[in-house]
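# Summary of the model geometry
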Amino acid sequence: MAEKVRNIVKIRIRIRLIGCKCRHSAKNRQLSLMWVFEKITIFVTMNPCIAIIDSNTLAVMGLKEILWELFPDTEILCYGSMDSFFRDCNRNYLYYFVSARMLFENSDEFSMLRDKTIATSAGPLRSLEEAGYRVLDISLPETAIAAEILRLHRESGSELRPRRCDELSAREKDVLAEMVKGLMNKEIADKLNISTPTVIFHRNNICEKLGTRAIGRLTIYAVLEHIVELDEIMNI
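These lines cover the structure that appears in this document, whether it is placed above or below.

Thresholds applied
Residues numbered from 1 in each chain as written. Predicted model: local features only at pLDDT ≥ 70, side-chain atom pairs only at ≥ 80, totals over all residues. Heavy atoms only, no water. Buried < 20%, exposed > 50% of the residue type's maximum accessible area, 1.4 Å probe, protein only. Helix = DSSP H or I, 4+ residues; strand = E, 2+ residues; numbered from the N terminus. Pairing = 2+ DSSP bridges. Phe/Tyr/Trp six-rings, centres within 6.5 Å; stacked < 30°, edge-to-face > 60°. Axes fitted to C-alpha atoms, helices over the stretch in contact; angles between N-to-C directions. Parallel < 35°, antiparallel > 145°, perpendicular 65-115°, else oblique. Contact = heavy atoms within 4.5 Å. Nonpolar A, V, L, I, M, F, W, Y, C, P; charged D, E, K, R; others polar. Salt bridge = Lys/Arg side-chain N within 4 Å of Asp/Glu carboxyl O.

### Here's the deal with the pairing of strand S3 (residues 92-99)
Within S3, seven of the eight residues are buried, which leaves the element mostly enclosed by the surrounding structure. Summarising the sheet, strand S1 (residues 48-53) and S3 pair through six bridges and their orientation is parallel. The residue of S3 that forms the bridge with Ile50 is Tyr95. Where S3 meets strand S4 (residues 117-121), four bridges bridge the pair, whose relative direction is parallel. From the neighbouring strand, Val98 faces S4, where its bridge partner is Ala119.

In structure tokens form, the structure reads like this:
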């Protein structure tokens, strides 16, 4: 085991040197230190993780909550600056959620990682989309953000599994489906032909069983359990 660790350290030192030479010897070459680490970590047996790179603390906290629900077995790492990210970049990243400003300022670092990089911004950004990046509008309601992340992940060809929890009854699933579509208690009652107190009763049971009242996390569960279709949420 000690020998394996020494070999990994040697590999990392050599890769650092190669990365530095490439970046300083040829201006037009896009081989960056971060890209080299992205390739070498495949052989270093690291657990996958997700990076959120953004100086907006509130935006980071909200996004982290949604990602934690989507990827319960994956470590979510938050960085307030590119410097803090670079100091910790030798990891096996599943996705990079990068604020649009930081992505613009450090486009060379992510140019070879477009398939894993998602720009976060308060609104659409055509310039980044045209450059091949996926864009997540974090100014949308929590339900819409959760649905968009689900869509982006599905586009990569990967499947997600819902977090284990108590099974919902058929009526609770009916109520949850309307909840994540944005209906209020009385609207749900009218649509399902039940009383408003009954809706509230089912709503409380749902939140207790799933361990959350956050609508984004409820949305994720509903989609992953096929209680609602993703298109139903995206079109709201």
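### Considerations on the packing of aromatic side chains
Summed over all chains, the structure comprises nine aromatic pairs. Ring centres of Phe85 and Phe86 lie 5.9 Å apart, and the angle between their planes is 50°; this geometry places the pair in the tilted category. Look at Phe85 and Tyr93: their rings are 5.5 Å apart centre to centre, the planes differ by 45°, and that puts the pair in the tilted class. Assigned by exposure class, Phe85 and Tyr93 land together as buried. An aromatic cluster of three or more residues is present, and its members are Tyr79, Phe85, Phe86, Tyr93, Tyr96 and Phe110.

### Notes on unusual backbone geometry
One can expect most non-glycine residues to show negative phi and most peptide bonds to be in trans. Unlike most non-glycine residues, Asn193 shows phi in positive territory, near 60°. Looking at the secondary structure, you find Asn193 in the loop between helix H10 (185-192) and helix H11 (196-210). For Asn193, a relative accessible area of 70% translates into the label exposed.

### Observations concerning the packing of helix H9 (residues 170-179) against H11
Running from amino to carboxyl end, H9 crosses H11 at an angle of 90°, the nearest separation of the two axes being 9 Å. By the angle class used here, H9 and H11 are roughly perpendicular. Each of Arg171, Glu172, Val175, Leu176 and Met179 in H9 lies in contact with H11, whose residues at this interface are Val199, His202, Arg203, Asn205, Ile206, Lys209 and Leu210. Of the residues belonging to the contact of H9 with H11, the class tally is six nonpolar, two polar and four charged.

### Quick word on the sheet that holds strand S2 (residues 75-79)
Strand order in this open sheet of five strands is S2-S1-S3-S4-S5, and the pairing throughout is parallel. Either end of the sheet is taken by a strand with one partner, and the two such strands are S2 and strand S5 (134-137). Taking each pair of neighbouring strands and ignoring which way they run, the sheet shows an average axis angle of 25°. Pairing between S1 and S2: five bridges, direction parallel. Each residue of the ladder has a partner; that of Cys49, found in S2, is Glu75. Packing against the sheet, helix H8 (residues 142-155) makes contact with S3, S4 and S5, and its axis sits at approximately 165° to S5.

### A short note on the pattern of salt bridges
For the coordinates displayed, the defined rule picks out ten salt bridges. Residue Asp88 is joined to Arg91 by a salt bridge in which the shortest nitrogen-to-oxygen separation is 2.8 Å. Among the residues examined, Arg91 registers a relative accessible area of 26% and is labelled partly exposed. Between Arg171 and Asp174 there is a salt bridge, with its nearest N and O atoms 3.5 Å apart.

Structural measurements only, silent on function.
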